[in-house]
Amino acid sequence: MEGLFVILALVVLVVITIGMGVRIVPQGSKHIVQRLGKYHTTLTPGMNVIIPYVDQVPYKVTTKDIVLDIPSQEVITQDNATIIANAVAYINIVSPEKAVYGVEDYEIAIQNLVQTALRSIVGEMSLDAALSSRDLIKAKLKEGISDDIADWGINLKTVEIQDINPSPTMQAAMEEQAAAERQRRATVTRAEGEKQAAILEADGRLEASKRDAKAQVVLADASREAIERVTAAIGEQEMPVMYLLGERYISALSELSQSANAKNVILPADLPQAVKGLLNR
């Protein structure tokens, strides 16, 4: 009986040993083998054989694309504005042994690298440029960290900027600034309108004054011509002058009588004598 138990124990030990020596690696994964605590080889998908009790598989690494969420963070722009930005990085592990032995935790390391690079890139841009240049930031991020993570056997496929927005305080300030700018434009437009109206009104008065002046010149020329003609027709007598003065005198009395302030208009009984009085005769 004791011999049978020994045989059964040996059989079980052999089966367990064989089981420990055969490793099945699924598709999309690679296993890291350490022999006596030192890196030995990398197992690829399929059935692999290792030395039991000597070889160990402490790391199982996926070769599929990994999506890393980069947490949101506050970033200061070149013009001292605060924005909140986060990103997503897509990576692929091409050398599992470098990824597990080159850095303590490659996911945390990549997250910190992206955050640091993002702060550096946005810090060299103005607020307006940062908010409108996602593609430029993306390209600079990929260029800045690709070489660093390549040393860990990791390929950065792409990095996307998810959100890049002003902080709540900055957003409120921008809204106030936009409202003030709209008010300023409205004030300028109103002032320009009033200015143009005043210019047009002044131009109108100037044109009216010019026309009045031309009319006075025309009337003066007409009066002069009339005096000359009357003088030429009558001669050196005082009748031409009295005629013209009388005509003007009667016209002035007529306008006076039509005035709103005129109540009574008294006409002289001897109109010729009144005209002679104007001539001091």
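See the structure above.
Note that the structure is predicted; figures quoted are calculated from it, not measured. (Residues numbered from 1 in each chain as written. Predicted model: local features only at pLDDT ≥ 70, side-chain atom pairs only at ≥ 80, totals over all residues. Heavy atoms only, no water.)

Peer 1: Help me understand the sheet that holds strand β5 (residues 55–62), please; the structure alone is not making it clear to me.
Peer 2: Strand pairing in a sheet relies on backbone hydrogen bonds. The paired strands run either parallel or antiparallel. With antiparallel pairing, three strands are arranged side by side in an open sheet as β3-β2-β5. Where the open sheet ends on each side, the last strands, each with one partner, are β3 (38–43) and β5. Taken pair by pair, the neighbouring strands of this sheet meet at an average axis angle of 30 degrees, ignoring direction. Taken together, the five bridges between strand β2 (residues 29–35) and β3 define a ladder with antiparallel strand orientation. The residue of β3 that forms the bridge with Ile32 is Thr42. (Pairing = 2+ DSSP bridges. Helix = DSSP H or I, 4+ residues; strand = E, 2+ residues; numbered from the N terminus. Axes fitted to C-alpha atoms, helices over the stretch in contact; angles between N-to-C directions.)

Peer 1: Would you mind going over the sheet that holds strand β8 (residues 154–166) with me for this structure?
Peer 2: Ordered in space as β6-β7-β8, the three strands form an open sheet in which the pairing is antiparallel. Two strands bound the open sheet, and with one partner strand each, they are β6 (66–76) and β8. The mean inter-strand angle of the sheet, taken between neighbouring strand axes irrespective of direction, is 20 degrees. Here nine bridges tie β6 to strand β7 (residues 82–93), and the two strands are oriented antiparallel to one another. Directly across from Ile66, in β7, lies its bridge partner Ile91.

Peer 1: Help me understand a nonpolar patch on the surface, please; the structure alone is not making it clear to me.
Peer 2: A contiguous nonpolar patch, built from Val6, Leu10, Val12, Leu13, Ile16, Met20 and Tyr53 and spanning about 640 Å² of accessible area, is present on the exposed surface. With respect to the helices and strands, the residue Leu10 is situated in helix α1 (residues 2–21). Judged by relative accessible area, which is 48%, Leu10 ranks as partly exposed. (Patch = residues over 30% accessible without salt bridge, like charges linked within 9 Å, V, L, I, M, F, W, Y side chains within 5 Å. Areas by Shrake-Rupley, 256 points an atom, 1.4 Å probe, with all protein chains shown as cover. Salt bridge = Lys/Arg side-chain N within 4 Å of Asp/Glu carboxyl O. Buried < 20%, exposed > 50% of the residue type's maximum accessible area, 1.4 Å probe, protein only.)

Peer 1: Honestly, a negative patch on the surface in this entry has me stumped. Any pointers?
Peer 2: Negative charge collects at one region of the surface, where Glu143, Asp147, Asp148 and Asp151 lie side by side. In this structure, Asp151 sits in the loop between α5 (134–150) and β8. We classify Asp151 as exposed; its relative accessible area is 58%. (Lys, Arg positive; Asp, Glu negative; His and termini not counted. Charge placed at Lys NZ, Arg CZ, Asp CG, Glu CD.)

Peer 1: What's the story with the packing of aromatic side chains in this structure? I'm lost.
Peer 2: Two descriptors summarise a pair of aromatic rings, namely the distance from one centre to the other and the angle between the planes of the rings. Scanning the entire structure with this criterion turns up two aromatic pairs. Measuring from centroid to centroid gives 5.8 Å for Tyr39 and Tyr101, while their planes differ by 70 degrees, and the two rings are edge-to-face. One end of the pair, Tyr39, is in strand β3; the other, Tyr101, is in helix α2 (residues 96–101), and 62 residues separate them in sequence. By relative accessible area, Tyr39 is classed as partly exposed at 33%. Summarising the aromatic geometry, the rings of Tyr59 and Tyr101 are spaced 5.9 Å apart at their centres and angled 85 degrees between planes, so their arrangement reads as edge-to-face. In this pair, Tyr59 is assigned in strand β5 and Tyr101 in helix α2, connecting sequence segments 42 residues apart. Overall, Tyr59 belongs to the partly exposed group, its relative accessible area being 33%. The exposure class assigned to Tyr101 is partly exposed, which follows from its relative accessible area of 38%. Of the aromatic side chains, those joined through ring pairs into one cluster are Tyr39, Tyr59 and Tyr101. (Phe/Tyr/Trp six-rings, centres within 6.5 Å; stacked < 30°, edge-to-face > 60°.)

Peer 1: Looking at this structure, how should I read the pattern of salt bridges?
Peer 2: Any two side chains of opposite charge can pair, on the condition that their charged atoms come close. Under the definition given, this model contains five salt bridges. Glu160 is the partner of Lys138 in a salt bridge, and the nearest nitrogen-oxygen pair spans 3.0 Å. Placement of Lys138 in helix α5 and of Glu160 in strand β8 is noted, with a sequence separation of 22 residues between them. We classify Glu160 as partly exposed; its relative accessible area is 32%.

Peer 1: Can you help me understand the packing of helix α3 (residues 106–123) against α5 in this one?
Peer 2: Between two packed helices, both the angle of their axes relative to each other and the distance between the axes serve to describe the pair. Between α3 and α5, whose axes approach to 10 Å, the crossing angle comes to 135 degrees. Between α3 and α5, the interaxial angle falls into the category oblique. In this structure, α3 meets α5 at a crossing whose hand is right-handed. Contacts between α3 and α5 pair Ile110, Leu113, Val114, Ala117, Leu118, Ile121 and Val122 from the former with Ile137, Lys140, Leu141, Ile145, Asp148 and Ile149 from the latter. Partitioned by chemical class, the residues of the contact of α3 with α5 number 11 nonpolar, no polar and two charged. (Parallel < 35°, antiparallel > 145°, perpendicular 65-115°, else oblique. Left-handed = near helix turned anticlockwise from the far one by under 90°. Contact = heavy atoms within 4.5 Å. Nonpolar A, V, L, I, M, F, W, Y, C, P; charged D, E, K, R; others polar.)

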